[in-house]
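If you want the building blocks of each chain, they are given just below.
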Amino acid sequence: MRYLTLQSLASSFLLLAVGAAVSLSAQTAQQTPSQAVPSTGTAAAPAAMPQPPAKPSDAVVPSPTRAEMLRGAYGPYRANNDLLYYHLDIRVDPEKQLISGKNTIRFRMLQDGTRIQLDLHETLQIDKILYGTTPLKYERDTSAVFVDFPQTLHAGQVYSIDFYYSGHPEETGRFGVMAFKKDTAGRVWINTACEGIGASMWWPNKDQWRDEVENMDISVSIPNGLVDVSNGKFVGKTDLGDGYTRWDWHVHYPINNYDVSLNIGSYVHFSDQLGDLPLDFYVLPEDLDKAKIQFAQAKGMLEAFQHYFGEYPFVKDGYKLIEAPYSGMEHQSAVTYGNLFKNGYLDRDWTGVGISPRFDFIIIHESGHEWFGNSITAADQSDMWIHEGWTTYLESLYVEYRWGKDDAIKYVNGYKPKVKNLRPIVVERGVNAEPTQDQYFKGTLMINTLRSVVNDDAKWWRLLHDFYQHFKYQNIMTEDVVTYFNQHTGMNLTPIFDQYLRHTQIPRLELLFGEEPGLVMYKWRADEDRFDMPVRVGTPGQWQIIRPTTQWQWMKTPLTKEQFQVASDLYYVDVNKQ
Ligand SMILES: [Zn+2]
């Protein structure tokens, strides 16, 4: 993203926001990941756990650009209004690779004001912004669009504007944002996937995570003969008489901007039902037979997640699985799929322990996001582990539902080699910062650890179910998760959550054996002073639960240093025996 000069600053507030973010970033960069733990008086520190090589970006906290700060901050021109509704009504010309149309944006003012902030990437043109028939003035600053009203908008009142735009979306990012492709038969195949980089790369909206519309209409006009599959329930299609047909979809629920999706191609359709829930599948004609076999897994996935969390969150919209030219994405009620119609992840044993080849990773993972990511959403990208840590854990719940607890624990532990432990999982807020991949693997290993801390599976299942039900359709932060878990377990889990989410290193159980067998000293080495997680030790099958703190304690044991074990499949911890 380009870094613009200060002359295009929109307001003095932004100067302040930018300054604050830069100084925060500098502080973060100065923090060292090493643990400040006093000497134990024992032998030299052991070598750290072997780690896979890391990408450079995992080790260094990148400084946010100005554009990222404008995208990430929930500034006054965002906070002064509450989104109610979008109608994205666009025409897509595959030949010219051109998108044009409008987004009708309805919102309620929360404070009196004359300005709101929307977003549209600078490669796209604003044709006009209308309030009724009145054209509105606006100021662009990187991807932010500050819209000015001629009169004060009043708190509590609902307003609607039509934001007209056009242009050639830049094909960029991991999944292409909006990619004008051809399928293997040379037919038009256009898909959108913009998580992270942002929906404002291809359509105008309030591009942040905290606020969502309550419902949405999506109208997509495309050349006759093509099919568009978007989010929500199919309403109908209308021949426009000029060689184009408009496909209308209605989303009955709140939706993330990045979940809004177009899938335009020569799709064929087949369908199924799970009780009253319609299941609709869209694939390219040549893949129909493979899809009918592979997509049968969707039913078992829905049954498993409904068992743990309750009803599929978007019943009125139905569940859809749509073939796409990239691996997959959790587009709400319109999950996109590109996993080769094979099990595992792109035909690989994803967690390397022989369980992943039993199921299609993309069907299970991306659909799991319907509960965590789409229904429950993080209010800032900094806390995205609420999407990815939980959904990765849902994979293991699917394994447990199908094949039992032992396989689920084995599956989760297969994620250990993927964890890098180079930066905390929760990153800087308000600057559009993206957490590292540890949010997936370390996040799920932390949740598996919490299950062992709760140490009562019936209570654990009730907790997970009620946690989801409590926060469904809401946008939440890590603090909400921690508060809920503390209140509903009666435990103080804050030091555990904080150690795993807000520090780089995992806790290490220090075990100190004497010359003679019979006695072992133990304590946690952790960044959180109050870290006091119980842990199972001794012999598998006859585990004994001890409650180490960050201070030395001791216990009697008949086991030698070699015999004494820690249940490290049930807790994601390092162990140092001396
Ligand atoms: Zn995911």
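This section reports on the structure supplied with the text. (Residues numbered from 1 in each chain as written. Predicted model: local features only at pLDDT ≥ 70, side-chain atom pairs only at ≥ 80, totals over all residues. Heavy atoms only, no water.)

**Quick notes on the pattern of salt bridges**
Logical step 1: If you walk through the whole model with that rule in mind, you get 23 salt bridges.
Logical step 2: Where salt bridges share partners, they join D383, R429, E479, D498 and R502 into one cluster. (Salt bridge = Lys/Arg side-chain N within 4 Å of Asp/Glu carboxyl O.)

**Describing empty space enclosed by the protein**
Logical step 1: Counted under the stated rule, the structure contains 2 cavities of 30 Å³ or more.
Logical step 2: Taken as a whole, the largest cavity encloses approximately 90 Å³ of empty space.
Logical step 3: Lining the largest cavity are 15 residues, with D207, Q208, W209, N257 and Y258 positioned closest to its centre.
Logical step 4: The class makeup of the residues in the lining of the largest cavity is 5 nonpolar, 5 polar and 5 charged. (1 Å grid on protein atoms, 1.4 Å probe; cavity = no way out; pocket = protein on both sides within 12 Å on 5 of 7 lines; lining within 4 Å. Points joined across faces, edges and corners; volume = space filled by probe spheres on them. Nonpolar A, V, L, I, M, F, W, Y, C, P; charged D, E, K, R; others polar.)

**Here's the deal with the sheet that holds strand β28 (residues 565–566)**
Logical step 1: Overall, antiparallel pairing links the 3 strands, which are arranged β26-β25-β28 in an open sheet. Strand pairing shows two members of the sheet lacking a second neighbour, β26 (544–546) and β28, which therefore form its edges.
Logical step 2: Here strand β25 (residues 535–538) runs beside β26; their pairing, made up of 3 bridges, is antiparallel. Residue pairing in the sheet places V535 in a bridge with I546 of β26. (Pairing = 2+ DSSP bridges. Helix = DSSP H or I, 4+ residues; strand = E, 2+ residues; numbered from the N terminus.)

**Structural notes on the sheet that holds strand β23 (residues 508–513)**
Logical step 1: Spatially, β27-β24-β23-β29 is the arrangement adopted by the 4 strands of the open sheet, whose pairing is mixed. Each edge of the open sheet carries a strand with a single partner, namely β27 (553–556) and β29 (574–577). Taking each pair of neighbouring strands and ignoring which way they run, the sheet shows an average axis angle of 25 degrees.
Logical step 2: Inspection of the sheet shows β23 paired to strand β24 (residues 519–525) by 6 bridges, in the antiparallel sense. Directly across from L511, in β24, lies its bridge partner Y522. (Axes fitted to C-alpha atoms, helices over the stretch in contact; angles between N-to-C directions.)

**Here we look at the packing of aromatic side chains**
Logical step 1: All told, the structure shown has 57 aromatic pairs when counted by the stated rule.
Logical step 2: With a centroid separation of 5.0 Å and an interplanar angle of 40 degrees, the aromatic rings of F175 and Y326 are classed as tilted. Here the residue F175 occupies a position in the loop between β8 (158–167) and β9 (177–182), and Y326 occupies one in the loop between β18 (319–323) and β19 (328–329), the gap between them amounting to 151 residues. Accessibility classification places F175 together with Y326 in one group, the buried group.
Logical step 3: Measuring from centroid to centroid gives 5.0 Å for F234 and W249, while their planes differ by 55 degrees, and the two rings are tilted. Separated by 15 residues along the polypeptide, F234 in strand β13 (residues 233–239) and W249 in strand β14 (residues 244–251) bring together distant segments of the chain.
Logical step 4: Overall, W249 belongs to the buried group, its relative accessible area being 2%.
Logical step 5: Members of the aromatic cluster, connected to one another through ring pairs, are F309, F372, W385, W390, Y393, W460, F467, Y468, F471, Y484, F485 and F497.
Logical step 6: Of note, R115 hangs over the ring of Y77, and the distance from its end group to the ring centre comes to 5.6 Å.
Logical step 7: The ring of Y345 has R348 sitting right over it, with the charged end atom 5.6 Å from the ring centre. (Phe/Tyr/Trp six-rings, centres within 6.5 Å; stacked < 30°, edge-to-face > 60°. Buried < 20%, exposed > 50% of the residue type's maximum accessible area, 1.4 Å probe, protein only. Lys NZ or Arg CZ within 6 Å of the ring centre and 35° of its normal.)

**Things to note about the pairing of strand β4 (residues 125–131)**
Logical step 1: Here 5 bridges tie β4 to β8, and the two strands are oriented antiparallel to one another. Bridge pairing in β8 places K128 opposite Y164.
Logical step 2: Two strands pair when backbone bridges link them, and β4 and strand β5 (residues 134–135) are joined in this way by 2 bridges, in the antiparallel orientation. Its bridge partner lying in β5, L130 is registered against P135.
Logical step 3: Joining the antiparallel neighbours β4 and β5 is a turn of 2 residues, in which G132 adopts a positive phi near 65 degrees.

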